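Residue-level listing of the chains:
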Amino acid sequence: MVQEKRILYEHLDVPGINTFDVFRQHDGYARFEKAIAEYQPDDIAKMVMDSGLKGRGGAGFSTGLKWSFVPKDIKPCYLCCNADESEPGTFSNRYVLEKNPHLLIEGILICCYAMGIETTYVYIRGEFTLGKKMLDAAIKEAYAKGYLGKNIRGTGLNVDIYTHPGAGAYICGEETGLIESLEGKRGQPRNKPPFPAVEGVFRKPTVVQNVETLCNLPFIVGEGVEWYTQMGPTYGDTRFDPPKPDPNTGTKLYCISGDVNKPGVYELELGLTCAELVEVAGGVRGQEVKAVIPGGSSAPILTRYELDTRLDFTSLTLAKSMLGSGGIIVMNETRNIVDCLLNIMKFYAHESCGQCTPCRWGTPWVRDIVQRIADGNGRKSTITRPRFGIAENGRWGDTGETEEIYEDLDLLESVANNIANVDTMTWNTICVFGIAVSWPAVSYLRKFRPEFEATIREGQLTTLSVEAATVPPEENYAYQQRIVPRELE
Amino acid sequence: MAFIKLNELEVEVEDGTNVVEAARQHGIEVPHYCYHPGLSSPANCRMCLVEPHVFFPPAGAIVPDRQLATGCTTVLRTAPPDRKLDGKYDFIVYTDSPRVKKAREDILEFLLVHHPLDCPVCDQAGECDLQDFSYRHGHDKSRYLEVKNVPPKKDLGPDVLLYSTRCIVCTRCIRFCQEVSGSSELGLIHRGSHDEIDIPRAHDGMPLQLLDNKLAGNVVDICPVGALISKDFLFKSRPWFMKKESSVCAGCSVGCNITVEYKEDGVYRLKPRFHGEINQHWMCDDGRLGYHYVNSDDRLQLPMTRVEEELRPTHWADALTQVTEKLSEADAAEVVVIGSAQGTNEDNYVLQQFAHEVLKTEQLGLFGALPGEEHVFPQFTIEADKNPNTAGARQMLSNGAPVLEGEALWQKVSEASIVYLVNGAPGRPLESVEKAALESVDFLIVQDVLPSEVTALADVVLPGTTFVEKDGTFTNSKGWVQRVRKTVDAPGEARLDWEIVQQIAKQLGGEMGYHFAGEIAIAIAENVPGYADATHQNIGDSGVKLA
C-alpha cells in the first residue's frame, strides 16, 4: 500500500497554520531566511534546475529551464503566480490558499530572491473568495512582520505582492490569457513567441508559476536538492545517447474525484501507477474502473487496460496522455462515456474565448455533434457490397458484406482533429485550448467507440459493460503506440 | 536583405517583412483575414498558416517545423552566419505544402460554419475575401448540420451597418478604431462562438457611443466579408458592374488617393487607394461621402445669361458671344480673373495663360480657401483647407506675378468692372465682404458646377465640370502632384473648364491649341518652376513629389 508523502500539505491540518506565528513554529520562513543567508540568487536558480522541478500547472515544463530564459538585463521583471485553478477536477491549490497561505508567500519570496523580482501578482480564481481572503490576510501579516515590503529583514530585498481576482474565465488560467486579464484586457491568450519569460506582464519579462510549483521551492531550499531528487523517478530520455536524465522528482498533489470511496487531495510521490492511486483513494466505488481521466478534463482518457500507467509527467506523455494539473477523475461501470464527453464538451464550448477561428467555431460544433449523438440522432448508414456466390445455405445467393458507417463519429473525430491534431500534436489555434478540446473528444471516441456506436444504433444513451465498451488494447492505437519509460540506473 | 526560400523560389526581401507580404511581393497569395498591412497582427483568423522549415539537430537535417506558423506574425530577418539554413538561406517557408493546404481548408470550413450563404443579397459579394478564398482554397461543401448562430443586425453609426451573421470576428474594425482613428468605439461583446462586434450601448448612465468618427467609413473597406456595410452604398450596385478609375479625392488638401467606382449614370462610391506617404490605406468620410453633388440633379447643364434680372438658359454660342463682347470692350485694368482651388492645375494654367496673353491683365486672383475644420487622428489628418488644389492653383496662376488673395483680391474686385470667376466648390458660402465686392461688379462671369451664392450674382453662368469628369492634376499641401481621371461624362452641355477658357480666348483672337489635358501638363512642365517631372506620363498612379 502506497503511503501518502506529505510535504506541501504536512502542516495543512495544524490549527491556525494560516497565521504567521503558528506557521513560524513549523519552520515557516526559516527556509527563506536560509536562502538569503546562505545562497546567492544564482545558487537557488541552480538548485531549482538541479532539483528537476517541473511546473505543476499542467504543461510540466522544467521550472529551472523556464527561469533561465528570463533575460537578466531587463528590469522590472515580474512574478505572476497562477492561482486561477480552473481545470475541472482540480482543487489542490485551493487548499494551500485557504489553509496555508504563508507557504505560498514563502515560495514567492524565494522565487523573487532568486530572480531579482520585486513585484508579484497573484491571480486568484474569482470563485476562490475564501482563498483570496486568507491570502490577503496572510500578506497583510507578512507585511506587518517585515517579510514583505521594502528592505525585508534588513537584506535590501524588496518584494510586493498584489492579489488579483479573476472574473471566471477558464482561459485566464492559460499564462498569456492570465497576463492579458491581469492587464485589464479581455482574457485572450497571446501569440507565442514571445513567451512570457521574455515579454509578459506589461511587456516585461515575467515568470509565471503555479501555486504548487512555488510551494515546492521552500522545501528544495530547506531540505536540499539531494533530498528532493530522491522522491519520484528519474527516467532516461532514450532519444539521446547516453540517455538524458528526465527527472520527475518531488511530490504531486493528486486531486482524486469521481467514483472512488475517499475522494480528495492526496500528496504522493510522483511515479505511482493509476491503479495504486485508486487504491489510495479508498478503491473504486461500484464494481470496477471503466475509465480514468489522469490530468484534468482536458487530458486524454485512460481505459482499464492502461491503469498500470505511472502518473508522472513523462510516463503519461509517452502514453499519449498528460498529467496536467493532476486532477484525476475515476469513472465506474455505470458511467456513460458519451454523456461524460458531452459534459466536458459543453464546458469547453462555453469557455472558448473566441479569439481564433478553429476554437471559436470548432468547439461548439464538436459539442453539437456529441449532443446530437447523445440525443439519439447520430447518423449511421449501412453500405452493402453485394457479391453473387454460394451462400451459407448452399444455394446461389448474395455472399457480399455490409459495413456500418457511423458518419457522425467520423465527423466528430475529423472536426476535433481540425481544431488540433492529436496524432501529430499540432494545433491551428493560438493557445493549447484547442488541443484541450480535441484530446478528450478524440481519445474518448477512439477508446470507447463501441459505446458511441451503440448509442447511435439504439437511438439513445446506451451504457455497455466495461468489457464491451472499451476498445481492446490490440485495437487501441494509442495503447499500441505508448512507450513505458525506463528509470535511469 | 534576407535571403529566403519561398516555396521553390529563392528571393530576397527586406528585413522585417512578414511572410504574407513577402509572398505577395513575389506573386504568391497567402490568404488572410485578420491581417491588414495598415494594422497590427493578432493572428486570430489562422488563415495565413505557412510551413517554416527548420534545422532539427538530432536528425541533422532541415525538416518541416512541427507546428505551422501564421504568416502575418512570422517576420523575416537576416540570420546570423552560423544560423543559416543550407548554408545560405535566412528562412525557408512553404506556402503550398499539403499540410498548409489542409489547414486552410479546415479553417475555411470553420469560418463558414456560422456564415450565412446570403451572397445573393450581400453587398460584399464579388469583392469578398471569404468568397474568393473559399473558391480558391476551401471545401466544396459544408459538413455542418447544426443550427447556425443568428446574431442581430446592428446600426453602428451614421454610415455603418453591421450584419453580425456574416461577421468572422477578424477584429480588423476594432483595431482600426483603436490604432488609426484612436476613438475605440468598437469592441467585442460576449464570448466564444457568440462573439459580436458592438459599440458601447447606453448603460448605467453612460451614453450610447455611435461609430461616428470621421474615419468610420474605413471599417467598411477593411471588413473582409460583408459584415460592415456602408449605408450610402447599400443595395446600390453589384461591385462587378462598376467601372473603376484611379483618382484623387477633392475633399481637402490632403489629396487622398482614391478609386472612383462609377457607371454610366454617375459615381457610385469612392474607395481609398494605398499611398504610403499621403493617406496610407485610408480616407475620411467627408471625402468618401462628399461626391454626391456630382450626381446631383441640380447640376448646371446649360449656360445661362441674365435676362430681365433673371438667369435664363441659353446656348453656348450666345453665352460666349456675350462674354467675348464684354471682354473685348473692357480695359485690361478693369478685368479681374479669379481661378479656383477646386480646379485642376491644367484649368488654372490655361486661365492664367488666357489672362496674361489674351486679356493682358495682371489682376489674377485665387478664390480663397474653403473654410473647414482640421481633424487629427493618431495615424491620419484631415486638413482644414477643403480645396484639393490650393497649392497647385496658386503656382499655376502666379507664374511669376503674385496672386491676389483675401482682402487684396476683394479690393480689386470691388474696383473692377468685369470679373471672370471660376468656382467649382459645391455649396461654398460667401462672406459679406466677398458678396459686396461681387455685387459691385458690372459684369460677372461665373464658371461653376452647381447653383451657388456666386452664380446667383452672375450675369453669365458657364457650366463647368467636377473632378470626376475631367483629366488633370492636383497638387496637395505637401507638394505631391497627382492625377485625377475622367470617369463619368459631364451633365448636359457642361464643358471642361479649360476648354471654355480656351474657346473664349479663341473668340478673342488668342490661339492656344490644346487638345487634351496632357498637352497642358507638358506646357506646365516647361513653364512652371518645379513641375518639370509632372507630366501625365510621369505621374502615373502614385504621383510625383515636387522638387
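Here the structure is a predicted model, which means the values were calculated and not measured.

Visitor: Looking at this structure, how should I read the interface of chain A and chain B?
Guide: Each side of the interface is counted separately: chain A has 35 residues, and chain B has 33 residues. Both faces combined, the contact of chain A with chain B buries some 2,800 Å², and carbon together with sulfur accounts for 50% of it. Of all residues in chain A, A:Trp361, A:Trp365 and A:Asn428 bury the most surface against chain B, accounting for 27% of the area lost on that side. One can count three salt bridges joining chain A with chain B. At the boundary of chain A and chain B, one finds 21 residue pairs in polar contact (both at pLDDT 80 or more). Where the side of chain A that touches chain B is concerned, the elements lending two or more residues are helix H13 (337-351), helix H14 (357-374), helix H15 (407-419) and strand S18 (426-427) of chain A. If you tally residues by element for the side of chain A that touches chain B, the top one is H14(A), at ten residues. Broken down by class, the residue content of the side of chain A that touches chain B amounts to 14 nonpolar, 15 polar and six charged.

Visitor: Got a minute to help me understand the domain arrangement of chain B in this structure?
Guide: Quoted interface sizes are often the accessible area lost when the parts come together. Residue and element names in this part refer to chain B. Partitioning chain B into domains gives domain 1 (2-105), domain 2 (116-241) and domain 3 (304-545). Relative to domain 2, the C-alpha centre of domain 1 lies at a distance of 29 Å. With 15 residues of domain 1 at the contact, the number on the domain 2 side is 18 residues. For the domain 1 and domain 2 pair, buried surface summed over both sides reaches about 1,400 Å², with 54% attributable to carbon and sulfur atoms. Its largest share of buried area at the contact with domain 2, domain 1 owes to Tyr 33, Leu 39 and Glu 105, together 47% of the area lost on that side. On inspection of domain 1 and its partner domain 2, the count reaches one salt bridge. Of the charged contacts, one joins Arg 136 and Glu 29 as a salt bridge, the two residues approaching to 2.6 Å between their closest N and O atoms.

Visitor: Just to check I follow, could you spell out the sheet that holds strand S4 (residues 157-165) of chain A for this structure?
Guide: Backbone-to-backbone hydrogen bonds pair the strands of a sheet. The strands run either parallel or antiparallel. All names here are of chain A. Taken together, the five strands give an open sheet; going across it, the order is S3-S4-S2-S1-S5, and neighbouring strands pair in mixed fashion. Bordering the open sheet on either side are strand S3 (149-152) and strand S5 (206-210), each of which pairs with just one other strand. Strand-to-strand twist in this sheet, taken as the mean axis angle between neighbours without regard to direction, amounts to 25 degrees. Of the strand pairs in this sheet, strand S1 (residues 78-83) and strand S2 (residues 119-124) are connected by six bridges, and their pairing is parallel. In the sheet register, Tyr 78 faces S2, and the bridge partner there is Thr 119.

Parameters at a glance
Within each chain, residue numbers correspond to sequence positions counted from 1 in written order. To label them, take the chains in the order written and letter them from A, then take the ligands in the order written and number them from 1. With the structure being a predicted model, the display of local features is reserved for residues of pLDDT at least 70 and the display and counting of side-chain atom pairs for 80 or more, all residues being used for whole-chain, interface and lining totals. Hydrogens and waters are ignored; side-chain quantities use all the structure's heavy atoms. Contacts between residues were defined by any pair of non-hydrogen atoms, one from each residue, lying within 4.5 Å. By buried area we mean the combined loss of accessible area, with a 1.4 Å probe, across both parts when two parts are placed together. The term salt bridge refers to a pairing of a side-chain nitrogen on Lys or Arg with a carboxyl oxygen on Asp or Glu at a separation within 4 Å. Within 3.5 Å is the distance limit for a polar contact, defined as a pair of N or O atoms, with the added protein rule that one can donate a hydrogen and the other accept it, and that residues adjacent in sequence qualify only through two side-chain atoms. Segments assigned H or I by DSSP are reported as helices when at least four residues long, segments assigned E as strands when at least two residues long, and all are numbered from the N terminus. In the scheme used here, Gly and all other residues not listed as nonpolar or charged are polar, with Ala, Val, Leu, Ile, Met, Phe, Trp, Tyr, Cys and Pro taken as nonpolar and Asp, Glu, Lys and Arg as charged. Residue ranges assigned to the domains are those given by an automatic or database domain assignment. What makes two strands pair is DSSP finding at least two bridges between them. Angles here are taken between N-to-C directions and fall from 0 to 180 degrees, while the axes themselves are lines fitted to C-alpha atoms, restricted in helices to the stretch in contact.

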